[in-house]
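Each chain, letter by letter, is given below.
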Amino acid sequence: MPNCRTVGHMEKPAQISPSQWWLPASVAIAGCLVSVGVAWLNSRVLTLTFFGTIASLCLGLLLMRWRENRSRDPTLLETPFFLAHDAEVFKRYRAISRQMLRVSGRVEPNYRKSALRELDVAVEKLTEIGDGKIVFQGTEAWRLVYEQLLRDPSVLVYRSVALVKNTSYWQDGAGLQSMQLNFDLIARSVVTIERTVIVTNELWPPDDDLPTEMLRQWIHEQSVNGVYIRLVRKSDLLDEPELLRDIGIYGFTATGTQEFDDSDRRTSKFTLDFDFDSVRAAESNWNRLNVYATPYAEILDRFSLGE
C-alpha cells in the first residue's frame, strides 16, 4: 500500500473549466433540440422557424466565445500567432526574441546582472510604448514626428500652448523651421493652428499693453501668417498651476508635452501621448486656459485705440 506521504503528494486530476465544456455541451443540446423538432414538427414554416432559432442560438454562443477570447490577453504560446497578423510588429518581435535567446545563452554572472538591468530598462520603455506614449529624451528628433502629425490628414486642428520664459523660445534653427512649417500648412489650408502664449511678467510687465518688443515680433509674425494667437500672463494662472504646461494637441490623435532643462532654453524631454483620454484631458485644460487668455487681435485693437 502506498504510504500517506505519497498519497498526500499525488497530483489532482486536471479540472475542466466551464469555458472548455460549455460550447460542446451547447452544440449537443442544440443537436437534441433539432432531432426533437424534426420528429414533432410537421409544418414546413414551423420547421424553418425552429431551425432559424437554433442557428441564431448557436451563432450567439459562438459570438460570446469569440468576445471572451478577444477580451483576455493571449498566452505566451498564443502571442506569436496573434502578432503574426501584424507583419511590421512581428518583425520586431522576432528580432527582440533572437537577442533575448542570446542573452539567455550567456552564463557569466557579472554580464547577466548588467544585462538584466538593461533589460528591465527596455521593459519599462516598451511598457510606455504599449501605453501609447513615445518619449524623447534631450533630442530634437521629436520634431520629425511633430511634422508628420501636422501633415496627417486626420489632424485638422492643432492647438498649442507655448509657455514662454525667455525671448529665445523657438528662436533657434529647428524652432524657426517648425514655425515656417506652421505657416506653409496654414497657407495651403492643410491645418488650422491656434496658439495660446503664456508670458512671464518679465516679458510682459503688468503695466504694459503688449509683451517686450522681441517677443512681440515673434507673436505678430505668427498672427499675420494665420496662426490664431491668444495671450495670458503667467501670473494670472497662479491658482491654476496645472495649466502651466507647454503642450500641443494634434486633433484627436495625440498630445505632445515639452519640458525644458534648467536654463529653460533647451528641450530636456518631449512626450507624445496617443491615448484618447490624454487628448480629452488636454482639451479640457485648453478650454479652461482660454478663459484667462485674450485674443492678440483684441489686444492690438485696444492698443490702437489707446494711441
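Quick notes on the rules
Residues numbered from 1 in each chain as written. Predicted model: local features only at pLDDT ≥ 70, side-chain atom pairs only at ≥ 80, totals over all residues. Heavy atoms only, no water. Pairing = 2+ DSSP bridges. Helix = DSSP H or I, 4+ residues; strand = E, 2+ residues; numbered from the N terminus. Contact = heavy atoms within 4.5 Å. Axes fitted to C-alpha atoms, helices over the stretch in contact; angles between N-to-C directions. Salt bridge = Lys/Arg side-chain N within 4 Å of Asp/Glu carboxyl O. Buried < 20%, exposed > 50% of the residue type's maximum accessible area, 1.4 Å probe, protein only. Lys, Arg positive; Asp, Glu negative; His and termini not counted. Polar contact = N/O pair within 3.5 Å; in protein donor to acceptor, adjacent residues only side chain to side chain. Parallel < 35°, antiparallel > 145°, perpendicular 65-115°, else oblique.

1. So, the sheet that holds strand E8 (residues 294-295)
Strand order in the open sheet formed by 8 strands is E1-E7-E6-E5-E2-E3-E4-E8, and the pairing between neighbours is mixed. Edge positions in the sheet fall to strand E1 (133-137) and E8, since each has one partner strand and no second. Here 6 bridges tie strand E3 (residues 192-199) to strand E4 (residues 228-233), and the two strands are oriented parallel to one another. Across the sheet, the residue bridging to isoleucine 198 is valine 232, located in E4. Packing against the sheet, helix H7 (residues 142-151) makes contact with E1, strand E2 (157-164), E3, strand E5 (246-250), strand E6 (254-260) and strand E7 (267-273), and its axis sits at approximately 35 degrees to E7.

2. Comments concerning the pattern of salt bridges
Tallied over the entire structure, the rule returns 7 salt bridges. For arginine 151, the salt bridge goes to glutamate 147, with nearest N and O atoms at 3.1 Å. With a gap of 4 residues between them, arginine 151 and glutamate 147 both fall in helix H7, about one helical turn apart. Residue classification places arginine 151 among the partly exposed positions, given a relative accessible area of 41%. Glutamate 283 is the salt-bridge partner of arginine 159, the closest N and O atoms lying 3.0 Å from each other. Residue arginine 159 is located in strand E2, and its partner glutamate 283 is located in helix H10 (residues 276-292); the two are separated by 124 residues in the primary sequence. The buried category is assigned to glutamate 283, whose relative accessible area is 17%. Three or more residues joined by partner-sharing salt bridges are found here, namely Arg159, Glu194, Arg230 and Glu283.

3. Let's talk about the side chain of aspartate 273
You can see aspartate 273 is positioned in strand E7. Lysine 133 provides the closest opposite charge to the buried, unpaired aspartate 273, separated from it by 4.3 Å. At a separation of 2.9 Å, a polar atom in the side chain of aspartate 273 contacts the main-chain amide nitrogen of aspartate 275. Setting aside residues no more than four positions away along its own chain, aspartate 273 makes contact with Asp131, Gly132, Lys133, Thr253, Ala254, Thr255 and Ser278.

4. Here we look at the packing of H7 against helix H8 (residues 173-187)
Each pair of packed helices gets described by two things: the angle between the helix axes and the distance between those axes. Running from N to C, H7 and H8 point in directions that differ by 5 degrees, and their axes come no closer than 11 Å. Between H7 and H8, the angle falls in the class roughly parallel. Seen from H7, the contacting residues are Arg143, Tyr146, Glu147, Leu150 and Arg151; seen from H8, they are Ala174, Gly175, Ser178, Leu181, Asn182 and Leu185.

So, to be careful, I would describe these as geometric facts and stop short of saying anything about function.
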